[in-house]
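# Structural description and commentary
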There are 2 protein chains.
Amino acid sequence: MRAEDRSLLKTMPLFAGLPAGIIDRLIYGSFVQNLPAGAVLFQQGDQPEFLYVLLSGRVALTARSTEGSEAVIEFFRRGDVFIAPAVILDLPYLMSTRILDDARVLMIPAEHFRDQLARDAALNAELVKELARHWRLLIRQIKDLKLRTAPQRLAAYLLDLSGGKGGTIKLPEERRMLAGRLGMTPESLSRAFGQLVAEGVTGRGSRVNIGDPTQLQRFCAFDRVL
Amino acid sequence: MRAEDRSLLKTMPLFAGLPAGIIDRLIYGSFVQNLPAGAVLFQQGDQPEFLYVLLSGRVALTARSTEGSEAVIEFFRRGDVFIAPAVILDLPYLMSTRILDDARVLMIPAEHFRDQLARDAALNAELVKELARHWRLLIRQIKDLKLRTAPQRLAAYLLDLSGGKGGTIKLPEERRMLAGRLGMTPESLSRAFGQLVAEGVTGRGSRVNIGDPTQLQRFCAFDRVL
């Protein structure tokens, strides 16, 4: 494992609060795999064999309908851990992964992770907080899908990226993938961007400017998740 | 606290694995409140003051849109704990509660719960599993909303209730509330029940019969969450 990988692990929310030595024990027996864009790390229904840490690149968690259409459930980025709940409970994955940009992935054997959990109180305490944060992100998405119109969902997503503030932000996802994550078609996403001009949102390509964050927050009933 | 309440706590997934004594320390300083149907326990945006355990009755977690319409995010029943993530992170509730049937609620002061978490490894370990189970239930709901048609969502909900098996089940919720939970109108829910007749689902009122569980599982691409 590279020195920069170890530094990254130490800055991750799950590991930052842990005493020295725990990270070493945790990654004992784990290894790094390089994966090209388009590769699939695991499929929905697979029994979990590893806990994954994304060291570089981007990953989408996706699920498939009976008709074969695929929806993006969530994106993961450098420094994210996925998918702990399946590993903790030793139950089949509910989603598949798709590598979006060439990625380096740290693979921690699932059984080793559960062993460490059983013996390390500090790791459990940090994992409780990590799962609680994820839980709130999922509630945000359910509220989006049940209560917010397409432009309101886009507004809340942009405000999450900006930390609730104004100014220019860079969209980390291609617009087609972003549309899937927000539960709309690419055409609806274009219309949503058009409708947000009246709320002070402008931009081109992957650069977007939030002119009046207070107005945009009111428009989508923004609620800080974290 | 009544003897039957204490027995209930000992059977709850969160507490069943804990050594004796921890439950006593945990509920030290907590109290039981009786609440009538229609009462609101807390509002979206409130800072969490308690962790709640439902000793009897039913509760809906709801959220409100900018236009004032209300959506049911989840139901809680006897023996459920809610909402741990806000209490753990000491962040405002993302949802409100509405009491559905007259309820008795155990209220554990939030700060006391966090203190116990900080000092008790076994409690953390059980909470990790509890949060992981909840996480998977939320993923199920997101997959429902993004990928499943209305009849498919209803089918997956019925199979969750039956444990994936056939036979007669009793709907725990009024149809109007159930429609909200499944992200559809009451009219769509009636149509969905009608469409499921072809998949072997029959019944009247709150009694529903699943005639062919395998066919119904195929129909909705059922995935066991727990």
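Residues numbered from 1 in each chain as written. Chains lettered and ligands numbered in written order. Predicted model: local features only at pLDDT ≥ 70, side-chain atom pairs only at ≥ 80, totals over all residues. Heavy atoms only, no water.

### So, the interface of chain B and chain A
Listed per partner, the contact involves 53 residues of chain B and 53 residues of chain A. Around 4,300 Å² of area is buried between chain B and chain A when both sides are counted, 77% of it from carbon and sulfur atoms. The largest share of the area that chain B buries against chain A comes from Leu 94, Trp 135 and Lys 146 of chain B, three residues that together contribute 19% of it. Joining chain B to chain A, the criterion identifies zero salt bridges. Elements that contribute at least two residues to the side of chain B that touches chain A include exactly β2 (50-64), β3 (70-76), α4 (84-89), α6 (121-147), α8 (175-181) and α10 (213-220) of chain B. Ranked by the residues each element gives to the side of chain B that touches chain A, the list is headed by α6 of chain B, at 20 residues. Taken together, the residues of the side of chain B that touches chain A sort by class into 31 nonpolar, ten polar and twelve charged. (Contact = heavy atoms within 4.5 Å. Buried area = accessible area lost by both parts, 1.4 Å probe. Salt bridge = Lys/Arg side-chain N within 4 Å of Asp/Glu carboxyl O. Helix = DSSP H or I, 4+ residues; strand = E, 2+ residues; numbered from the N terminus. Nonpolar A, V, L, I, M, F, W, Y, C, P; charged D, E, K, R; others polar.)

### Things to note about the packing of aromatic side chains
One pass over the full model with this rule turns up twelve aromatic pairs over all chains. Their ring planes at 20° and their centres at 5.5 Å tell us that Tyr 52 of chain B and Phe 82 of chain B sit as a pair that is stacked. Separated by 30 residues along the polypeptide, Tyr 52 of chain B in strand β2 and Phe 82 of chain B in strand β4 (residues 81-82) bring together distant segments of the chain. The class of Phe 82 of chain B is buried, set by a relative accessible area of 0%. Put simply, the rings of Phe 31, Phe 42, Phe 50, Tyr 52, Phe 76, Phe 82 and Tyr 93 of chain A touch in pairs and so form one group of aromatic residues. One cation-aromatic arrangement involves Arg 175 of chain A over Phe 193 of chain A; the distance from NZ or CZ to the ring centre is 4.1 Å. (Phe/Tyr/Trp six-rings, centres within 6.5 Å; stacked < 30°, edge-to-face > 60°. Buried < 20%, exposed > 50% of the residue type's maximum accessible area, 1.4 Å probe, protein only. Lys NZ or Arg CZ within 6 Å of the ring centre and 35° of its normal.)

### Quick word on helix α1 (residues 3-11) of chain A
All names here are of chain A. Three or more residues of α1 are buried, namely Asp 5, Leu 8 and Leu 9. All buried residues of α1 project into a common sector of 100° when viewed along the axis, lining one side. Looking at α1, the residues exposed on the side facing more than 90 degrees away from the buried face are Ala 3, Lys 10 and Thr 11. Buried residues along α1 sit against α2 (13-16), α3 (22-27), β2 (50-64) and β5 (96-109). (Arc of directions from axis to C-beta.)

### Observations concerning the pattern of salt bridges
One pass over the full model with this rule turns up 38 salt bridges over all chains. The salt bridge involving Glu 4 of chain A is made with Arg 2 of chain A; its shortest N-O contact spans 3.6 Å. Under the relative-accessibility criterion, Glu 4 of chain A is labelled partly exposed at 45%. Look at Arg 2 of chain A and you get partly exposed, because its relative accessible area is 43%. The salt bridge partner of Arg 148 of chain B is Asp 144 of chain B, with a shortest N-O separation of 2.7 Å. An identical accessibility class is assigned to Arg 148 of chain B and Asp 144 of chain B; each is buried. Three or more residues are tied together by salt bridges with common partners; here these are Arg 140, Lys 143, Asp 144, Arg 148, Asp 160 and Asp 223 of chain A.

### Comments concerning the sheet that holds strand β8 (residues 207-210) of chain A
Residues and elements named next belong to chain A. Taken in spatial order, the three strands of this open sheet run β6-β8-β7, and their pairing is antiparallel. What marks the edges here is a single partner per strand, and that holds for β6 (167-170) and β7 (201-204). Averaged over neighbouring strand pairs, the angle between their axes works out to 25° when direction is ignored. Taken together, the four bridges between β6 and β8 define a ladder with antiparallel strand orientation. Paired with Lys 170 across the two strands is Arg 207, which belongs to β8. (Pairing = 2+ DSSP bridges. Axes fitted to C-alpha atoms, helices over the stretch in contact; angles between N-to-C directions.)

### A few points about helix α9 (residues 186-196) of chain B
Residue and element names in this part refer to chain B. What α9 keeps buried is the set Ser 188, Leu 189, Ala 192, Phe 193 and Leu 196. Taken down its axis, α9 places every buried residue within 145° of arc, on the same side. In this structure, the buried side of α9 is in contact with α7 (150-162), α8, β7 (201-204), β8 (207-210) and α10.

### Thoughts on the relation of the copies chain B and chain A
With an RMSD of 0.0 Å, chain B superimposes on chain A once it is rotated by 180° and translated 0.0 Å along the axis. This pairing of chains is accounted for by a two-fold axis. Comparing interface residues between copies, 100% of those in chain B also sit at the interface in chain A, which points to an isologous, same-surface contact. (Least-squares fit on C-alpha atoms with pLDDT ≥ 70 in both.)

### A short note on the sheet that holds strand β6 (residues 167-170) of chain B
Residue and element names in this part refer to chain B. With respect to topology, three strands assemble into an open sheet ordered β6-β8-β7, the strand pairing being antiparallel. Where the open sheet ends on each side, the last strands, each with one partner, are β6 and β7. Neighbouring strand axes in the sheet, compared pairwise and without regard to direction, differ in orientation by 25° on average. With four bridges connecting them, β7 and β8 associate as antiparallel partners. Counterpart to Val 201 in the pairing with β8 is Ile 210.

### Section: the domain arrangement of chain A
Residues and elements named next belong to chain A. The domains assigned to chain A are domain 1 (3-145) and domain 2 (148-220). Computed over C-alpha atoms, the centres of domain 1 and domain 2 are 27 Å apart. The partner domain 2 presents 13 residues to the 13 residues of domain 1 that form the contact. Broken down residue by residue, the surface that domain 1 buries against domain 2 is led by Phe 75, Arg 140 and Asp 144, which jointly contribute 43%. In this assembly, domain 1 and domain 2 are joined by six salt bridges. A salt bridge links Glu 173 to Arg 58, with the nearest nitrogen and oxygen atoms 2.8 Å apart. Summed over the shared surface of domain 1 and domain 2, the result is seven residue pairs in polar contact (both at pLDDT 80 or more). Among the elements of the structure, β2, β3 (70-76) and α6 (121-147) are those that each provide at least two residues to the side of domain 1 that touches domain 2. The biggest single contributor to the side of domain 1 that touches domain 2 is α6, with five residues. Residue composition of the side of domain 1 that touches domain 2, grouped by class: six nonpolar, one polar and six charged. (Domains from an automatic or database assignment. Polar contact = N/O pair within 3.5 Å; in protein donor to acceptor, adjacent residues only side chain to side chain.)

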